[in-house]
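# Results of the structural survey
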Amino acid sequence: MTGEETTEITLTVNGERIARRVRVREHLVDFLRGELQLTGSHLGCEHGICGACSVRVDGVVVRGCLMLAVQADGAEVTTIEGLTDTGEIADLQAAFVERNALQCGFCSPGMLVTAADLLKAAKPATREEIRNFLSGNFCRCTGYHAIVDAVETTLNKRLGR
Amino acid sequence: MANDIPTKATLTPFDRPNSYVGRNLSRPGARRAVAGRGTYTDDVVLPRMLHGACVRSPYAHAKIVRIDTTAARKAPGVALVMTGAELAKRCTAPWMGTLKVFEGMKSAPQYPMAVDRACWQGEPVVFIAARTRAEAEDAAELVEVAWEELPVVAEKKTALDPKTPVLHASLGDNLAFRKLIDTGDVEAAFKAADHVIEETFEFGRHTAVSLEPRSMIADWNPANERLAVYISNQVPHMMQYLFSRTLGVPEHNVRVVSHDVGGSFGMKIHSYGDEVAACAASMMLGRPVKFIADRLESFLTDIHARENTVRAKIGFNKDGTITAFDIDDLSGIGAYSQYPRTSVFEANQILNITAGPYKHPNYRARATVVYMNKVPTSQYRAVGHPIGITVAEALVDRAAETLGMDPVEIRRRNVMEDNSYPRLTGSGIKVLDLSHQACLEKLVRLMDYDALRAEQALLRNKGIWRGIGIAAFIKGTAPGPQGLYGAGGAPIAAQDACTIKLEPSGNVICAVGVSEQGQGVDTVMQQIAATGLGVPFESVRVISGDTETTPYGGGTYASRATAIGGEATYQAARKLRAEILVIAGALLQSDPKVLDIRNGVVVDAANGTLRIPLSEIGRIGHFQLGELPNDVQPTLSVTHRYRLLDLPYIFTNGIHGAYVEVDVDTGFIRHLKHWVVEDCGRIINPQLADEQVRGGAVQGLGGALYEHCIYDENAQLQNGTLADYIIPMAVEMPDIVVDHVQTPTGQSELGAKGAGESGTGAAPGVIMGAVNDALRPFGARVTIQPMTPEVVLQALGKL
């Protein structure tokens, strides 16, 4: 086994144009965390189940552990850091803190990225529908009730209800 | 009968206008986490850091004939390849997972990695440090181990059969521990009882699944011979001892730091061989070594819990009076007893707490704990309680069913009276300050129990099968040094401590031995310190999770942080307050007794007139000492330690309710609603307490409904991914209504008891009760957890 195969990629991460040479076997979240030091996205399972690594790629929520960095060539990637800096989910983040919708916080970035997708749709949702929407993101601490509360409160506020 | 408000009507220091006790303050740590600015161990990068990976045993039991590491050592990026035998040479002595208090207990010596024999699938065998984790894993694939398979002990039920191979020859058999508690005369009580019912229950092995796996960086500095370990952990001082003792580094030269911890639940309070290997690797290389368990490694090597079979009997009379319980537990632990807390706590706790809410005078409980070729079990959230509570509550429900009595009514007749303490449980434990009656009545109101029963009856006519469950419990929290730790000989502090300091600015630093994993420990300590001192919440900063900067303590385990660490913090704050008032008295020429501290200012106690702010006390106390008389030498720093006296635990109590719907064609269980009323004494932050209960309940429900480490007959784990091992998702879980009765413990001024496990302990029992209530019209009954659809359909005779 000699030198690892690498390739050049160019992508936009949180609004910033990035060009890097990456190992072809490296998945997107290892690239974001290791190379770009965006450590807000977490690795909980590395097989696409827990959702802690959820990031937005070209407007769609993806599992950062199931996508290779090379596949993000030319893409627009937004992480929790980007969502924080733009203020897009400031209300949701405030609701999470106020409602204590997190404990250890390891799932929170992924949970927020997914919940942001629900909020973007700007359609009324029942608690059941919110629970269903968030079911691809595991939380081991809260039991989900407070998370559903925080998302519901934010959604209703945005809808002026 | 019900006492919904604190029992003492008089005002306490916690009712003062600037008290933060009883208030919902949000956690500063939460603001970092939602911004993606947490600092979990894997987020930390040190200069010249290497990454570790392990070769693990693919067999549950096999002899290591030969290990060839030649190719691995030559692989790209590899800095070190270390076998178990090489690591053993660097260890002072093997681990021995026994405690003196568990009389007659046996365990075999254990090295951090397998030396000549692996005893469970996943046991570490070789540790590799390389430039990247990927390169370390590549090299691990190049290690060739010649194995000779040995016979496997895979079944706890046959572990003690003469024809079953003995796992550790030096022990003579596969028995780890036996214990018997026998109070009253159980046999005579059964003979005299109107009814005796017997049932056997099965509990499937499961594990913690913290979303952040075990994570650590070992950083040995050869220049000063100090070892720093950054580790996702609950017990920094215990880990300091563990690394020191295992690797022979003097304790004061070991620093353990736990930054943000991404879930732990009791799993991160144990010894893990791969973590010691990473420390040894760092010591050999003089470079930092990071080791992050991946998810498969987590399933294979994190401690497991609750592989139990319990045969149990209840004796009761026609009027519903329960006269006796008899339980016989068989616990299948792993290949070793987990150092240093042992693997017999779970069985021991089952014996202690089963049927703990009830007044039966006769109680017999037996535990048999056996070794098998699986990863060791040990303490996981609510140790033993889910099993003991499920067993007792199921029997109480069967007694009610036999008598045609309502499940609430039979509990009403048998729970200990709220005015009857102190008293002993059937297992002989002294309990104080409990509130079973108040909690029961509050739950009935909260559930609108009669309306639920009416709805259940109505829906049955439409072929919709709903069930209601009720499960009462006691919970051992906040262990004392007379109990299993100090007295047992484990190097684990049951006391805890706070060092509180007034800074020159007038702000306050509060360093605590208890640690934070997201429960809100730091916030609760901040509230307590601010209250005890009389300063604004924002002027206190709490430091935890670092052996270098915090006073020696036990960390966070067994629902102890608020009850033990909180009282230490409160008393430290009161002592600092007293010193500040002496200094203020000297400066103001007032008697300290007529002064008070309110909102960060020394005031006249009588009328609140502002006298001198703490910023002035801080400035004078640190810089302008000439303004003070010679006989006043400010310390402005206090360490206070607190321990529980004369009791092994502060027992708490509570009760759960559940409402479920069972699809009798598919066996699926829909959990519709869950209620918890519990009594954790004085509540510091109601929101944080509620969320502990909610999260804990869902964790208990996971074990009862879905979670199961499934092993085949060769003790091979069949479901080591999150796709195959099911944990609760948002859509499956109900809203959970939480309420409290607050009976402060008389053991401390603060009056707080533990809350962190009260959700977990009774959740499996209440959901089983609800499912069986739903199945009652079919004459079917579930006694196996997890209660998968398959288990439900088998109970219905459809499979």
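On a predicted model such as this, the values are computed, not experimentally measured, just so you know. (Residues numbered from 1 in each chain as written. Chains lettered and ligands numbered in written order. Predicted model: local features only at pLDDT ≥ 70, side-chain atom pairs only at ≥ 80, totals over all residues. Heavy atoms only, no water.)

A separate point is the sheet that holds strand β21 (residues 496-502) of chain B. Consider a sheet: its strands pair through backbone hydrogen bonds, and that pairing is either parallel or antiparallel. All names here are of chain B. Spatial ordering of the open sheet is given by β23-β22-β21-β27, a layout of four strands whose pairing is mixed. Every interior strand has two partners, whereas the edge strands, β23 (540-543) and β27 (637-642), have only one. Geometrically, the sheet is characterised by an average inter-axis angle of 20 degrees between neighbouring strands, direction not taken into account. The strands that helix α14 (residues 521-533) touches are β21, β22 (508-512) and β23; relative to β23, the one it contacts most, it runs at about 135 degrees. Most of the contacts of helix α15 (residues 561-588) go to β27, to which it runs at about 145 degrees, and overall it touches β21, β22 and β27. (Pairing = 2+ DSSP bridges. Helix = DSSP H or I, 4+ residues; strand = E, 2+ residues; numbered from the N terminus. Axes fitted to C-alpha atoms, helices over the stretch in contact; angles between N-to-C directions. Contact = heavy atoms within 4.5 Å.)

Next up on the list: the environment of B:E538. Residues and elements named next belong to chain B. Mapped onto the elements, E538 comes out in the loop between α14 and β23. By relative accessible area, E538 is classed as exposed at 65%. Remark: the alpha-carbon pair of E538 and V369, spanning 169 residues in sequence, is separated by 50 Å. (Buried < 20%, exposed > 50% of the residue type's maximum accessible area, 1.4 Å probe, protein only.)

Listed per partner, the contact involves 47 residues of chain A and 52 residues of chain B. A combined buried area of about 4200 Å² lies between chain A and chain B, and 56% of that area is made up of carbon and sulfur atoms. Summed over the shared surface of chain A and chain B, the number is seven salt bridges. Linking chain A with chain B are 31 residue pairs in polar contact (both at pLDDT 80 or more), by the criterion used here. At the level of elements, α2 (80-86), α3 (90-99), α4 (108-121), α5 (127-133) and α6 (145-158) of chain A are the ones that each hand at least two residues to the side of chain A that touches chain B. Counting residues per element, the side of chain A that touches chain B draws most heavily on α3(A), which supplies five residues. Here the side of chain A that touches chain B is composed, by residue class, of 19 nonpolar, 16 polar and 12 charged. (Buried area = accessible area lost by both parts, 1.4 Å probe. Salt bridge = Lys/Arg side-chain N within 4 Å of Asp/Glu carboxyl O. Polar contact = N/O pair within 3.5 Å; in protein donor to acceptor, adjacent residues only side chain to side chain. Nonpolar A, V, L, I, M, F, W, Y, C, P; charged D, E, K, R; others polar.)

A few words now on the sheet that holds strand β29 (residues 669-679) of chain B. Residues and elements named next belong to chain B. The strand order across the open sheet formed by four strands is β20-β28-β29-β30, and the pairing between neighbours is mixed. Lying at the two open borders of the sheet, with one neighbouring strand each, are β20 (465-477) and β30 (735-740). When the angles between neighbouring strand axes are averaged without regard to direction, this sheet yields 15 degrees. Strand direction decides the pairing type here: β20 and strand β28 (residues 650-662), joined by 13 bridges, are antiparallel. By the bridge assignment, G476 is partnered in β28 with F651.

Our focus in this paragraph is the domain arrangement of chain A. Residue and element names in this part refer to chain A. Taken domain by domain, chain A consists of domain 1 (6-80) and domain 2 (87-158). Each of domain 1 and domain 2 has a C-alpha centre, and the two are 22 Å apart. Each side of the interface is counted separately: domain 1 has 15 residues, and domain 2 has 16 residues. Taken over both partners, the interface formed by domain 1 and domain 2 buries close to 1200 Å², and the fraction arising from carbon and sulfur atoms is 56%. One can count one salt bridge joining domain 1 with domain 2. A salt bridge links R56 to E88; the shortest N-O distance between them is 2.9 Å. (Domains from an automatic or database assignment.)

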